[in-house]
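Observations on chain architecture
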Amino acid sequence: MGDSTDGSSMAARSAQSSDNLKTPGFFRRILAALGPEAPGERTSPVGDQHVTSLESRTPDLQSLGRVRVNDVAIPKADIVAVSVDATKSELVEAFRETGFSRLPVYDGTLDTPLGMVHLKDFALSYGFNGGSDKAVDLRGLLRPLLFVPPSMSIGVLLQKMQSERRHMALVIDEYGGVDGLVTIEDLIEEVVGEIEDEHDTDEDRLWVAEKPGQYLALAKTPLDEFEAETGLRLTEAEEVDEEEIDTLGGLVFMLAGRVPVRGEVVQHPSGLEFEVVDADPRRIKRLRLRLKSGAS
């Protein structure tokens, strides 16, 4: 399963990253902006200067009552969840591959959700990367989820999550099936913009070499720059039209013929492969490129 120390460290950082969002003061500042005085711009005199209110600096606050849950939810096809019968190794692999600290748990199919499992609970009970040989009882680790309609406003959902201390909600359609998933980070990003964590590539670094023969890259990475720095030739294959693509994401889109989903692996004619690390229904965000034996 790899180095246990590195895995445990990654797990702790991932869980801590999500748990930091519990800070009551942070929530109070956001929810205060959703109150009756939120619309408009106010200033308060401070000596000879004026302090502009939060909502005037962040106009997105004013739209929280209009944006619906289904506008920000992860679609069902992209939800990463685990079966209640999953083995320990399957759970470890799911947490490792996604970098998430919380995963929905289902019985049979995703349309029968039972709750969610937290990486911290799993690691403390069973160890991470081989700390325990006990069989996993996921039912004993389950935490409750919120179930919300797609028409609920994200402002109402944010308040509901804060009051009930929930960090994940499943969007339920009119027939009772799961239609999507939304986390508290998704909602907060609507207020403050995208939140980068330790699993996100630094915007100033379009790609990083994770190990020999493997790169983690932003989909917007220019092809010519990547080829020049790595010595790889990604546009010389007959199947690739160099004149129509400029980025790694564009190359993968062209090879797949569509926007691939997170976790999907797209093969390049040269033998290397692209794993889609992060994507939404409209675009690819991050990729992992792996060289195979003989690829160049």
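All figures in this text were calculated on a predicted structure; none of them were measured in a lab. (Residues numbered from 1 in each chain as written. Predicted model: local features only at pLDDT ≥ 70, side-chain atom pairs only at ≥ 80, totals over all residues. Heavy atoms only, no water.)

Moving on: the nonpolar core. The nonpolar side chains of a soluble globular protein tend to be buried with one another. Core analysis: the largest hydrophobic core is formed by 22 residues, its most contacted members being Phe 226, Leu 234, Leu 248, Phe 274, Leu 287 and Leu 289. Listed by contribution, the elements that provide at least two residues to this core are strand 11 (214-218), helix 9 (223-230), helix 10 (248-256), strand 13 (273-279) and strand 14 (284-290). Among residues more than four places away in sequence, those in contact with Leu 248 are Ala 217, Leu 218, Ala 219, Thr 221, Leu 223, Phe 226, Leu 234, Phe 274 and Leu 287. The next biggest cluster of nonpolar side chains, apart from the first, holds 17 residues, and it includes Val 67, Ala 73, Val 182 and Leu 187. (Core = buried A, V, L, I, M, F, W, Y, C linked by side-chain atoms within 4.5 Å. Buried < 20%, exposed > 50% of the residue type's maximum accessible area, 1.4 Å probe, protein only. Helix = DSSP H or I, 4+ residues; strand = E, 2+ residues; numbered from the N terminus. Contact = heavy atoms within 4.5 Å.)

It is worth spelling out unusual backbone geometry at this point. One non-glycine residue, Arg 165, lies in the positive phi region at around 55°. With respect to the helices, strands and loops of the structure, Arg 165 is situated in the loop between helix 7 (154-164) and strand 8 (168-172). Given the relative accessible area of 66%, Arg 165 is considered exposed.

Once that is clear, we can look at the confidence of the model for the chain. This prediction gives the chain a mean pLDDT of 75; 67% of its residues lie at or above 70. At the low end of the mean pLDDT range in the chain sits strand 2 (residues 49-52), at 36; at the high end sits strand 5 (residues 102-107), at 94. Confidence drops under pLDDT 50 across residues 1-24; counting only partners more than four residues distant or on other chains, this segment forms 42 contacts. Overall, residues 33-60 carries pLDDT values under 50, and its contacts beyond four positions in sequence, including any with other chains, amount to 37 contacts. (pLDDT = per-residue confidence, 0-100.)

Evaluation of the coordinates by the stated rule reveals four aromatic pairs. Centroid distance Trp 207 to Phe 226: 5.1 Å. Interplanar angle 80°. Geometry classified as edge-to-face. Residue Trp 207 is found in strand 10 (residues 207-211), and its partner Phe 226 is found in helix 9; the two are separated by 19 residues along the sequence. Of the two residues, Trp 207 and Phe 226, both sit in the buried class. For the pair Tyr 215 and Phe 226, a centre-to-centre distance of 5.4 Å together with 80° between the ring planes defines the contact as edge-to-face. Of this pair, Tyr 215 sits in strand 11 while Phe 226 sits in helix 9; the two residues are eleven residues apart in sequence, bridging distant segments of the chain. Of the two residues examined, Tyr 215 and Phe 226, each falls in the buried class. Ring-pair connections join several aromatic residues into one group, and the members of that group are Phe 95, Phe 122 and Tyr 126. (Phe/Tyr/Trp six-rings, centres within 6.5 Å; stacked < 30°, edge-to-face > 60°.)

With antiparallel pairing, five strands are arranged side by side in an open sheet as 10-11-14-13-12. Lying at the two open borders of the sheet, with one neighbouring strand each, are strand 10 and strand 12 (265-267). On average, each strand axis in the sheet is inclined to that of its neighbour by 25°, with strand direction left out of account. Alignment of strand 13 against strand 14, held across six bridges, turns out to be antiparallel. Along strand 14, the bridge assignment pairs Asp 278 with Arg 286. Along the sheet, helix 10 contacts strand 11, strand 12, strand 13 and strand 14; its crossing angle with strand 14, the most-contacted strand, is approximately 80°. (Pairing = 2+ DSSP bridges. Axes fitted to C-alpha atoms, helices over the stretch in contact; angles between N-to-C directions.)

Further remarks concern the pairing of strand 8. Taking burial as the measure, the five residues of strand 8 include five buried ones, the bulk of the element. With burial as the criterion, each face of strand 8 is covered, one bearing Met 168, Leu 170 and Ile 172 and the other bearing Ala 169 and Val 171. Here three bridges tie strand 7 (residues 146-148) to strand 8, and the two strands are oriented parallel to one another. Bridging across to strand 8, Val 148 finds its partner in Val 171. Here strand 8 pairs with strand 9 (residues 178-183) via five bridges, running antiparallel. Residue pairing in the sheet places Leu 170 in a bridge with Leu 181 of strand 9. Between the end of strand 8 and the start of strand 9, which pair antiparallel, lie five residues, with Gly 176 showing a positive phi angle near 90°.

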